Amino acid sequence: MDASSPALSSMTGFARVEGGEGALSWVWEARSVNGKALDLRCRLASGHERLEPVARAELARRFKRGNVTVSLTVARVAGASAYAINRPFLEEVLAVARSADPETPPRIDALLAVRGVVEPVTGDGEADAEASAGPIERDLRILLDRLAEARAEEGRRLASALGGHMEKIESLVAEAAATAAVQPEALKERLRTQVTALLDASPALSEERLAQEAALLILKADVREELDRLTAHIAQARQLLGSGEPSGRRLDFLCQEFNREANTLCSKSSDVALTRIGLDLKATIDQFREQVQNIE
């Protein structure tokens, strides 16, 4: 495939985004591996569960296949502190102060000095979570964009490998078509030899039965149909690899068709050179299919 061809996308990739807002910092991570369909698993920090539907929608917009795990961890910035007034306890303190001295209003500094009225906030705090919701969601989109870039980069490496395998397959098919055993004269000579052997073994064979046996021998000896189908599969594979569309499933099915024709070619072959080519062809198809498993 040349540089101008539309890019393939792999199903494997990793991305990470770090962010912060006010007293909070967070880390988004996404991992993608092979999958038959598109599946998302979310591991979100407490209080941020509402982002899961957003993640699913954004994921479906970018990808078609793959098992994707998205995680969000949120922490308070080191050294940052936040406090909140324990209002129910403050009301109790006020009630006690007023009952003890109804004539003198309690001083605010005295009230705040009572232990338990002002408490440090643990976790990210509701106010902090609300303030950081927008930036965290923005970073989720950046994360998935980066994951798409990582999958596309892996796809470019796959395209190079797949293109090499396809060239090897095409070369082996051309080599098989050029072998002496596949040429018409060689097929005719083999048929004459086999018919002679058949007549020697069964001299009383009827013409009809002889014609049936000859047709069967021709069918078993002629691999040109398999080679034609392999050539057609090569053209289809190149079209899929260059389409830029998610084509992993169709390529996987096409690999099965490649294997079927290669197996038939080997089973029909009675020529050492053609059998060797067929075995090399099967090995290359297996390598091609192994890489295809990673394509979206």
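Computed from a predicted structure; not experimentally measured.

Peer 1: Whenever I open this one, the sheet that holds strand E2 (residues 24–33) confuses me. Can you help?
Peer 2: Strand pairing in a sheet takes place through backbone hydrogen bonds and is either antiparallel or parallel in direction. The strand order E1-E2-E4-E3 describes an open sheet built from four strands, whose pairing is mixed. Of all strands in the sheet, those bounded by a partner on one side alone are strand E1 (13–21) and strand E3 (38–43). Strand after strand, the sheet turns through a mean of 15° between neighbouring axes, direction not considered. The pairing of E2 with strand E4 (residues 66–76) spans ten bridges and is classified as antiparallel. The residue of E4 that forms the bridge with Glu-29 is Ser-71. Against the sheet, helix H1 (residues 51–62) engages E2, E3 and E4, with an angle of about 150° to E3.

Peer 1: What should I look at first to understand the pairing of E2 in this one?
Peer 2: Within a regular strand, side chains alternate between the sheet's two faces. Most of E2 is tucked away: seven of the ten residues are buried. For E1 and E2, the ladder comprises nine bridges, and the chain directions are antiparallel. Residue pairing in the sheet places Glu-21 in a bridge with Leu-24 of E2. Counting the residues in the hairpin turn of E1 and E2 gives two residues, including Gly-22, whose phi is positive at 65°.

Peer 1: Looking at this structure, I do not really get the nonpolar core. What am I missing?
Peer 2: Note on soluble globular proteins: their nonpolar side chains tend to be buried together. Counting residues in each nonpolar core, the largest one holds 29 residues, and the members touching the most others are Ile-169, Leu-251, Phe-258, Leu-281 and Phe-288. Secondary-structure elements contributing two or more residues to this core are helix H4 (126–178), helix H7 (224–241), helix H8 (248–268) and helix H9 (272–292). By residue number, the principal contributor to this core is H4, which donates eight residues. Beyond its immediate stretch of four places on either side in the chain, Leu-251 contacts Ala-237, Leu-240, Leu-241, Phe-288, Val-292 and Ile-295. Residues Ala-15, Trp-26, Ala-30 and Val-70 belong to the second largest nonpolar core, which totals 21 residues.

Peer 1: Would you mind showing me how to read H9 here?
Peer 2: An α-helix turns once per 3.6 residues; consequently, residues spaced three or four apart project the same way. Taking 1.5 Å per residue as the helical rise, H9 with its 21 residues ought to reach 30 Å, and the 30 Å between its terminal C-alpha atoms agrees with that figure. Among all positions of H9, only Leu-274, Ile-277, Gly-278, Leu-281, Thr-284, Ile-285, Phe-288 and Val-292 are buried. Projection of H9 onto a plane perpendicular to its axis shows the buried side chains occupying an angular sector of 130°, all on one side. Of the exposed residues in H9, those oriented more than 90 degrees away from the buried face are Val-272 and Glu-290.

About the criteria used
- Residues numbered from 1 in each chain as written.
- Predicted model: local features only at pLDDT ≥ 70, side-chain atom pairs only at ≥ 80, totals over all residues.
- Heavy atoms only, no water.
- Pairing = 2+ DSSP bridges.
- Helix = DSSP H or I, 4+ residues; strand = E, 2+ residues; numbered from the N terminus.
- Axes fitted to C-alpha atoms, helices over the stretch in contact; angles between N-to-C directions.
- Contact = heavy atoms within 4.5 Å.
- Buried < 20%, exposed > 50% of the residue type's maximum accessible area, 1.4 Å probe, protein only.
- Core = buried A, V, L, I, M, F, W, Y, C linked by side-chain atoms within 4.5 Å.
- Expected span 1.5 Å × (residues − 1).
- Arc of directions from axis to C-beta.

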